[in-house]
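Architecture and fold: a report
Here are the chains, one letter per residue:
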Amino acid sequence: MDLELSDDQIDLRDNVRAVLARECPASVVRGVYEGTDDASALWKQMVELGWPALCVPEQFGGLGMGFVELGILAEELGRVSAPTPLLATVTQFAPLLVEVHRSAPSTEIGDLLADVVAGTRTGSLAFAENGRWSPGSINATASGEGDSLTVTGEKTAVLAGSEVDSFVVVARLPGSEQSHHLGAFLVKRADAEATTPPVIDPALGLADVRFDAAPATVLSAGDAGTEIARAAEQAVVAMALHTVGACRRIFEVTLEYAKVREQYDRVIGSFQALKHRFADMYLAVEKANAICYFAALAIAEDDARRSEASHVAKVSSGDCQRLLAEEGLQLHGGIGYTWENDLHFLLKRAKVGDVLCGSASWHRTRLAELLGLSAVVAS
Amino acid sequence: MKLRFDESVEEFRAEFLQWLDLNRPSDQEMADDPARSSGHSPGWARAWTRRMFEGGWLVPGWPPHLGGRNAAPIETLVYLEELNRSEVPRTTNPQGLGIVAPSLVDYGTAEQIDAYAMPLLRGELTACLGMSEPDAGSDLANLKTRALLDGDRFVINGQKVWTSGAGYADFCFLFCRTDPDAPKHRGISIVLLPLDTEGVTIRPLKEIVHPEYPDLSEVFLDDVIVPVSNLVGELNDGWKMAGGSLAHERSMVWLNSVMGVESAMAQLLEMAPEIMAPLNQREQVLAADDIVGFYVEAQCARALGYRGFARFVKGGTAPEQALMKMYASELRRDLGRVAAAWCGPASLAITDGRRSDLGLIEGYFATFGSTISAGSSEIQRNIIAERILNLPRG
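Residues numbered from 1 in each chain as written. Chains lettered and ligands numbered in written order. Predicted model: local features only at pLDDT ≥ 70, side-chain atom pairs only at ≥ 80, totals over all residues.

1. Observations concerning the overall build of chain B
Within chain B one finds 12 helices and eight strands. The C-alpha radius of gyration computed for chain B amounts to 22 Å, which stays within 12% of the reference 21 Å derived for 394 residues, consistent with globular compactness. Its C-alpha atoms give chain B principal-axis dimensions of about 75 × 50 × 45 Å. The buried share among the 394 residues of chain B stands at 44%. Excluding contacts between residues fewer than 6 apart, the proportion of contacts in chain B whose partners are at least 24 apart in sequence is 67%. (Helix = DSSP H or I, 4+ residues; strand = E, 2+ residues; numbered from the N terminus. Rg over C-alpha atoms; globule rule 2.2 N^0.38 Å. Buried ≥ 20, exposed ≤ 12 C-beta atoms within 10 Å, placed from the backbone. Contact = placed C-beta atoms within 7 Å.)

2. Topic: the overall build of chain A
Within chain A, the secondary structure is distributed over 12 helices and 10 strands. Relative to the 2.2 N^0.38 estimate, which gives 21 Å for 379 residues, the radius of gyration of chain A is 21 Å and therefore close to what a compact globule would have. If one aligns the C-alpha atoms of chain A with their principal axes, the spans along those axes are about 75 × 55 × 40 Å. Split into buried and exposed, the 379 residues of chain A put 55% on the buried side. The contacts of chain A with a sequence gap of at least 6 include a subset with a gap of at least 24, amounting to 75%.

3. Details of the nonpolar core
Membership of the largest hydrophobic core comes to 236 residues, with the highest contact counts inside it found for Val168, Val169, Phe185, Cys292, Ala295 and Ala296 of chain A together with Val191 of chain B. The biggest single contributor to this core is helix 8 (residues 272–300) of chain A, with 19 residues. Residues contacting Val168 of chain A, with those up to four places away along its chain left out, are Phe93, Leu96, Leu97, Gly123, Leu125, Ala126, Ala184, Leu186 and Leu219 of chain A. (Core = buried A, V, L, I, M, F, W, Y, C linked by C-beta atoms within 7 Å.)

4. Some thoughts on the packing of helix 5 (residues 86–103) of chain A against helix 6 (residues 107–118) of chain A
How two helices pack is summed up by the angle between their axes together with the distance between the axes. Residue and element names in this part refer to chain A. Two numbers describe how helix 5 lies on helix 6: the axes approach to 10 Å, and their chain directions differ by 155°. Looking at the two axes, helix 5 sits roughly antiparallel to helix 6. Considering how the two elements wind past one another, helix 5 and helix 6 form a crossing that is left-handed. For the pair formed by helix 5 and helix 6, the contact residues are Thr89, Ala94, Leu97, Val100 and His101 on the first element and Ile109, Gly110, Leu112, Leu113 and Val116 on the second. Of the residues that constitute the contact of helix 5 with helix 6, the class distribution is seven nonpolar, three polar and no charged. (Axes fitted to C-alpha atoms, helices over the stretch in contact; angles between N-to-C directions. Parallel < 35°, antiparallel > 145°, perpendicular 65-115°, else oblique. Left-handed = near helix turned anticlockwise from the far one by under 90°. Nonpolar A, V, L, I, M, F, W, Y, C, P; charged D, E, K, R; others polar.)

5. Some thoughts on the packing of helix 9 (residues 306–332) of chain A against helix 11 (residues 360–370) of chain A
Residues and elements named next belong to chain A. Viewed as axis vectors pointing N to C, helix 9 and helix 11 meet at an angle of 145°, and their least axial separation amounts to 9 Å. In the crossing of helix 9 with helix 11, the sense of the turn from one axis to the other is left-handed. Mapping the contact onto sequence places Glu308, His311, Val312, Lys314, Val315, Gly318 and Asp319 in helix 9 and Ala360, His363, Arg364, Arg366, Leu367 and Leu370 in helix 11. Looking at side-chain class alone, the contact of helix 9 with helix 11 contains five nonpolar, three polar and five charged residues.

6. Let's talk about the interface of chain B and chain A
Every contact between the two is made by 39 residues of chain B and, on the other side, 42 residues of chain A. Looking at the side of chain B that touches chain A, the elements with two or more residues in it are helix 7 (238–276), helix 8 (281–313), helix 9 (320–342) and helix 12 (377–388) of chain B. In terms of residues, the side of chain B that touches chain A owes the most to one element, helix 8 of chain B, which gives 17 residues. Here the residues of the side of chain B that touches chain A are counted per class, giving 26 nonpolar, five polar and eight charged.

7. Regarding unusual backbone geometry
Residue and element names in this part refer to chain B. Positive phi is not limited to glycine here, since Asn70 has a value of about 55°. Tracing the backbone shows Asn70 in the loop between helix 3 (43–55) and helix 4 (73–86). Phi at Trp162 is positive, roughly 60°, even though this residue is not glycine. On the secondary structure map, Trp162 appears in the loop between strand 3 (153–160) and strand 4 (171–177).

8. Thoughts on the confidence of the model for chain B
Confidence along chain B averages 93 in pLDDT terms, with 96% of residues attaining 70 or more. With pTM at 0.95, the complex prediction returns an ipTM value of 0.96. (pLDDT = per-residue confidence, 0-100.)

9. Examining helix 3 of chain B
Residue and element names in this part refer to chain B. In this model, helix 3 (13 residues) spans 18 Å end to end at C-alpha, consistent with the 18 Å of a helix rising 1.5 Å per residue. Those residues of helix 3 hidden inside the fold are in contact with helix 6 (110–121). Looking one or two residues beyond helix 3, the residue adopting positive phi is Gly56, at roughly 75°. (Expected span 1.5 Å × (residues − 1).)

10. Let's talk about the pairing of strand 7 (residues 207–215) of chain A
A regular strand places its side chains on the two faces of the sheet in alternate fashion. Residue and element names in this part refer to chain A. Bridge count for strand 3 (residues 150–158) against strand 7 is six bridges, and the pairing is antiparallel. The residue of strand 7 that forms the bridge with Thr150 is Pro215. In this sheet, strand 7 lies alongside strand 6 (residues 193–195) in antiparallel orientation, the contact comprising three bridges. Along strand 7, the bridge assignment pairs Glu193 with Arg210. (Pairing = 2+ DSSP bridges.)

11. Side note on the environment of Ser81 of chain A
Residue and element names in this part refer to chain A. Here Ser81 lies in the loop between helix 4 (67–79) and helix 5. Looking at Ser81, the number of C-beta atoms within 10 Å reads 29, which means it is buried. Along the chain, Ser81 and Gly144 lie 63 residues apart, while their C-alpha atoms are 41 Å from each other. Once you skip the residues sitting within four places of it in the chain, Ser81 turns out to touch Val29, Ala203, Ala246, Phe345, Leu346 and Arg349.

12. Focus: the domain arrangement of chain B
Residues and elements named next belong to chain B. Domain annotation for chain B reports domain 1 (7–92), domain 2 (127–234) and domain 3 (240–388). Each of domain 1 and domain 2 has a C-alpha centre, and these two points are 30 Å apart. Contact residues are listed per partner, giving five residues for domain 1 and nine residues for domain 2. Each residue belonging to the side of domain 1 that touches domain 2 can be placed in one class, and the counts come to no nonpolar, four polar and one charged. (Domains from an automatic or database assignment.)

13. Quick word on the environment of His363 of chain A
Residue and element names in this part refer to chain A. Position of His363 relative to the elements: it lies in helix 11. On the neighbour-count criterion, His363 (25 C-beta atoms within 10 Å) is buried. Discounting residues that sit within four places of it in the chain, His363 has contacts with His311, Lys314, Val315 and Gly358.

14. Observations regarding the environment of Gly56 of chain B
Residues and elements named next belong to chain B. Positionally, Gly56 belongs in the loop between helix 3 and helix 4. For Gly56, a count of 19 C-beta atoms within 10 Å gives the class partly exposed. Sequence separation between Gly56 and Gly68 is 12 residues, and the spatial gap between their C-alpha atoms is 4.1 Å. Gly56 has contacts with Pro64, Gly67, Gly68 and Arg69, leaving out every residue within four places of it along the chain.

15. Structural notes on helix 4 of chain B
Residues three or four positions apart in an α-helix share a direction because the helix packs 3.6 residues into each turn. Residue and element names in this part refer to chain B. Here helix 4 contains 14 residues, and its C-alpha end-to-end distance of 20 Å stays within 8% of the 20 Å for a straight helix at 1.5 Å per residue. Glu75, Thr76, Leu77, Val78 and Tyr79 are the residues of helix 4 that are buried. Once helix 4 ends, the next one or two residues include Glu87, with phi positive near 60°.

16. Here's the deal with the pairing of strand 7 (residues 217–227) of chain B
Residue and element names in this part refer to chain B. Here seven bridges tie strand 3 to strand 7, and the two strands are oriented antiparallel to one another. Across the sheet, residue Val155 finds its bridge partner in strand 7, namely Ile225. Across five bridges, strand 6 (residues 200–204) lies against strand 7 in antiparallel orientation. Among the inter-strand pairings, Val200 is bridged to a residue of strand 7, identified as Leu221.

Right, here's the structure in full:
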């Protein structure tokens, strides 16, 4: 029993953090926001460093690291509100491919993962519909078979949906309109219609994606509900850590600011009214971080608590961002409200992180079910 | 990182469980003669402490002659987990076992260890902590109780307040001022005061719940004579030792408070069907969401506490310790408030027992013992802000 990162994991974190500080300063994020940078240089650097390969199993040429390491990467990307399709590719696309491959191995999936490792393929998970991160809300449907297989449906807020090469689309299996069996289907972005409405954080490449009888390849054999659920847990915990990463950085920059900003001839951080709020912010970040890594560890070790822990982690990260986005902005005062200050990239990333992969409220209702509390309601 | 305990730790757990099964006090004897305060050790509790001492299970991390078995910290953790699960109190005199005994082992003379620490560990004596005073609460270093060195004895005059367990304890670990001219942190010493000494007057302070079983007392000291051999550590070195004592306390509080939250959470889940039965559907949804919220927090408290433990074991600094006192005590309080709120008029009942149950307003009020004492939540926030986050004092 050891809930602290190992020395190797801490080294990985420090290494990733140092690279991102150098390669992804706020000026890059600002460039993406203002349309003057497409972050392609950053992506190239990430591929050179082997980050897409980090947690892909060794059998596909990856580095075979575990889910805790993937969580570290997701958290650090949140810390700098990073653009690029890395988050979608490594925390959503690859995990579902790996899960499906485990129960139904195929050379095709192996090739896809090898492409991910090489940095020649990016992908995302097309899961949520009508803004609902829930298998029960999926109406996208596959039809036909073999070469004539197509997928039809609409997915919302797909991570990096405007920039990835491929989607794994979660859709009902052909002929499964009643029984609601779900499968995983590969669709090229070129065969789908991705629209990118202006959103508050343009650096995530969020897109609404329409599949209109889009040519598709089936990846799973039969009902892939279990594999989809397991991949969704990974996406959820990664997004929770991503959110907490943004929150920790909000905390740090706000704390730094309170130590230098002077009013009434003293730094504002010396006022007790603010000190107590910093103590509460610090607790919110530390506890969310601790439970998110517990969930990551449960996934890494395939522990029976992984599903429940993923919901708890997302709820806690949601609670964390609520406090940190609010206090971070409030304690910066007017300067934090300006476009020129970099704070807003983090504020926006924290808010979006709460919305994606199921809001805190949705995960709370799932927990109520798991704890048997909704059964009480039903009776 | 890993979730499982090593095989050797699980063997340690199994060994303790087997011993516990054979040696634990019975539910009946505990119910028949409950502890009346944190300084009171009923017969069964004294015998239980003695059995733990002799079995090497009282303080597992200590060597056998102090009632331990040189256990590793992780083994002590599973020991505390299992004790908590068994619902047998480790001691009815937590400040004696958790603070006074370790402080004496660290700073006491051989004679003091023989006369005070060992009897504490064998269940023969109980102790209280004389710290707070009317003008020295959160600002503890402001304490004024005066111990005047007079040859080979101290003459002590002053007043302590909020002294837990003083009404029943055998002796007091007393903080007093020995140099009134030194800066306030530098003139404090600790002396051991047998509470049957002439000039000691103890007045119980009735509390807002269970006034019939007061734990807190005022302690008046009028020309109380104590031999100089009862000085613990060096003269005027008390504040530094206070840091040590409180650190002992923190390390206990931090694990026990997580377990306390977990127990309360388990109890709340058990009560859930009963709480929900009379509610309409909309209320049930609200109640379920409240319960889920505490479930999430209890999981967070566990993850944070155990991560702090892991850092502590690896020898690093563990800021979690400072966070846990405030977090766990406030969480336990909030859980008590919400549980009582959902219990409706049933929450108004007062019990005759010495233990306040979840779902009662009296139980909710009782949780304030933890948010106020041993460094209030406000003091904890100051400590976090100033010592961990390095915000300037001001």
